[in-house]
Amino acid sequence: RVPFDHMKSAESCLLIFKGGDHMVFAGAPRVSPEARQLDEKFQREICAASTAWWDAHLQGNTAASDWLTQGEFVRMLGEDGTFEVRHPKR
């Protein structure tokens, strides 16, 4: 959270999962079966968000950017976590 809160010069995104940890982003399975069930869902959401981010930034795909930053991804995420977008200060 600290790096996100201090970035000012570039668009930045922060995704935090309820019941997740840093390793869920690496695809490393956690020990408990309950956590692993959450991880599968979290990793699908990570894949959707990161694909949209890459499509938006590498291909200039405005539909992907809008999906990610204008609320559709947040609707998909639901109660699984929080997602914040910060645009650079000009």
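Bear in mind the structure is a predicted one, so any value in this text is a computation, not a measurement.

**Q** How would you explain the environment of Phe4 if you had to name every residue and give the values?
**A** Structurally, Phe4 can be placed in helix α1 (residues 2-6). Exposure remark for Phe4: the relative accessible area of 3% places this residue in the buried category. Spatially, the C-alpha atom of Phe4 lies 19 Å from that of Gln70, the residues being 66 residues apart in sequence. In this structure Phe4 touches Ser12, Cys13, Leu14, Glu84, Val85 and Arg86, once residues within four positions along its chain are discounted.

**Q** Residues and numbers for the environment of Leu68, please.
**A** Considering the arrangement of structural elements, one finds Leu68 in helix α3 (residues 62-69). When the C-alpha atoms of Leu68 and Ala52 are compared, they prove to be 6.4 Å apart, with 16 residues separating the residues in sequence.

**Q** Can you break down the pattern of salt bridges residue by residue, with the values?
**A** Under the definition given, this model contains 8 salt bridges. The salt bridge partner of Asp5 is Arg1, with a shortest N-O separation of 2.8 Å. For Asp5, a relative accessible area of 27% translates into the label partly exposed. One salt bridge in this structure joins Asp21 and Arg30, with 3.8 Å as the shortest N-O distance. Among the residues examined, Asp21 registers a relative accessible area of 34% and is labelled partly exposed. Looking at Arg30, the relative accessible area reads 16%, which means it is buried. By sharing partners, the salt bridges in this structure join Arg1, Asp5 and Glu84 into a single network.

Calculation notes
- Residues numbered from 1 in each chain as written.
- Predicted model: local features only at pLDDT ≥ 70, side-chain atom pairs only at ≥ 80, totals over all residues.
- Heavy atoms only, no water.
- Helix = DSSP H or I, 4+ residues; strand = E, 2+ residues; numbered from the N terminus.
- Buried < 20%, exposed > 50% of the residue type's maximum accessible area, 1.4 Å probe, protein only.
- Contact = heavy atoms within 4.5 Å.
- Salt bridge = Lys/Arg side-chain N within 4 Å of Asp/Glu carboxyl O.

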